[in-house]
Structure formats: structure tokens, C-alpha cells
Amino acid sequence: MLQKIVENSLSVRDSLLKSGIEADRVDQDKNLIQNSLSMVKKSEEYKLNRGFDLCIGILGLLIHAILFPFIAFAIKISSSGPVLYKQKRTGKMGVDFYCYKYRTMHLISLKSEEGKPIVTKKGDSRIFKFGQVLRKTNLDELPQIINVLKGEMSLVGPRPYPVEECKHWNNTFDDFYYRYLVKPGITGYAQVTGYRGGTLDEEHMRRRLDKDLIYVQKQNLTFDIKIIYLTIKQMVTFKTNAH
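Scope of this entry: the structure provided in the associated data block. Note that the coordinates shown come from a computational prediction; the quantities given were computed from them, not determined experimentally.

Conventions we followed
- Residues numbered from 1 in each chain as written.
- Predicted model: local features only at pLDDT ≥ 70, side-chain atom pairs only at ≥ 80, totals over all residues.
- Heavy atoms only, no water.
- Core = buried A, V, L, I, M, F, W, Y, C linked by side-chain atoms within 4.5 Å.
- Buried < 20%, exposed > 50% of the residue type's maximum accessible area, 1.4 Å probe, protein only.
- Helix = DSSP H or I, 4+ residues; strand = E, 2+ residues; numbered from the N terminus.
- Contact = heavy atoms within 4.5 Å.
- Arc of directions from axis to C-beta.
- Phe/Tyr/Trp six-rings, centres within 6.5 Å; stacked < 30°, edge-to-face > 60°.
- Pairing = 2+ DSSP bridges.

Moving on, we get to the nonpolar core. Formed by 22 residues in total, the largest nonpolar core has its most connected members in Ile75, Tyr102, Leu155 and Ile227. A total of 4 residues in this core trace back to one element, the largest contributor, which is helix α6 (residues 49-78). Beyond its immediate sequence surroundings of up to four residues, isoleucine 227 is in contact with Val156, Thr187, Gly188, Tyr189, Val192 and Tyr215. By size, the runner-up hydrophobic cluster in this structure holds 11 residues, among which are Cys166, Trp169, Phe176 and Met205.

Moving on to helix α7 (residues 129-136). Given 3.6 residues per turn, any residue in an α-helix points the same way as the ones three and four places further on. Inspection of α7 places Gly131, Leu134 and Arg135 among the buried residues, and these make up the whole buried set. Taken around the axis of α7, the buried residues stretch over an arc of 95 degrees, which confines them to a single face. Among the structural elements, α6 and β2 (96-102) are those in contact with the buried residues of α7. Trailing α7 by a residue or two, asparagine 138 shows a phi angle of about 70 degrees, which is positive.

Describing an aromatic ring pair means giving the distance of the ring centres and the angle of the ring planes. Throughout the structure, instances matching the rule amount to 7 aromatic pairs. With a centroid separation of 6.1 Å and 85 degrees between ring planes, the pair formed by phenylalanine 176 and tyrosine 180 is classed as edge-to-face. Accessibility expressed as a relative area gives 0% for phenylalanine 176, which makes it buried. Their ring planes at 80 degrees and their centres at 6.1 Å tell us that tyrosine 177 and tyrosine 178 sit as a pair that is edge-to-face. The burial state of tyrosine 177 is the same as that of tyrosine 178; both residues are buried.

Before going further, it helps to spend a moment on the pairing of β2. Bridge count for strand β1 (residues 84-90) against β2 is 7 bridges, and the pairing is antiparallel. The residue of β2 that forms the bridge with lysine 88 is tyrosine 98.

Rendered as C-alpha cells:
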């Protein structure tokens, strides 16, 4: 895996350039990706990752199939529009993919202000009531089991952000793109430690990014199981800190 990352480091750099990182800064820091390979050394050793994703993913797909009719019905009577929502997000190695979610918002188009990305805020008027329930319980993320089974995501990892948000943060933090060295997750270390939801606050995002980078360094099966346990605990107690 490490050899493959080394071979693809140029293509990662190209992807990051397309994502909005200034060319001169990437040229200046072109060795950052190479130097950060030590951060993902354990990903070579963590060979159970994909098997764990598939086993739990198949179980999650069965749960999804059972809940789907009820969730779909509640969404339909709450708001006109599709049940599922897909959005282009940035994944491993800077490759974009379509991330699936249950729709929790009314279909309202917003314009960005001052070139900044549009993020979901607390008390966002676009979220309908049942959508709030889905977000509070993390059930809106359940369709991402499909992304996991397709190999685009993992059960645990740094959360994938929309492409426009990634462009914004790529140009804010020099180490932001270390997150792209592993697959994004349905849940992550940052989320179970209280850092989740849309934000443009740099201090908040710095702390959240630090948690993501800790995961990149420490990732292993035991850590993943702990994060999944904490995620489920937060879901059943409605303490997900979602908005």
C-alpha cells in the first residue's frame, strides 16, 4: 500500500491542485506527502480493515433494508423531493466520489457569501423536523454503507467533506490533505470526541483536523471498534452533537 501511495503521490498533488491549493505552495511543500507516509505505515499492517468493513457493512445493509421503507415514508410526508441525497465529496488520495445520505433538508438553493462554501448551521431552516431526528441519531448517514461496500469509504475514518469545503480548508491548513491518505469514514475519532457538523470556524476545524490526524496515525482494529461503540452510544442517547 505504501509503495502504491508513493507511486501515486504525483497524482495526489495534481488532484490537490485541482481542489484549489495554490501551485506555488504545493511546489514548495511537494515533499509533504512523501514525508507523511510514516503516518500511514500502520495502514499496511492493518490488513483486517477491508474485511471488517465488509462484515459490518453487510450487516448494516440488512439493517438499512429493514429501516428504509419507514424512513423513506417519513421523509416523503415531511418534504417533497427524493428520499436519498448524493453529494460529491473528496475521498482517499484526493479522488472525488458521490456520497449517499438520507435527505434531511428542503430543496432550497443558497448562494455562497464572499466565496466561502455553504455549510449547515445550528438551527438551519432548511432542515425539516424528521430530518432533525435523522441527524440527531446519525441515521441520515446509513446509506453510506453503500459507499463502504463499493470501497469508496470505510466504516471509520476522517469524515468526507463536500468538494467546495475541501477547497476552502486545503488553502487554510498545510496539513489538511494528510486526511486523504486513508479512506473517509461513516464515523470518525473527531466525531465521537464532539467535533462534527458544518463549520467555517478555523479554531474548531483545527481541533477537528488534529483528531483526524491522530486517527491516521493510530488506526487499528481495536481503535475502530472503540469508535463504533462510542458512535452507537451517542446515537441511542441522542448526544451526537449533530446539527
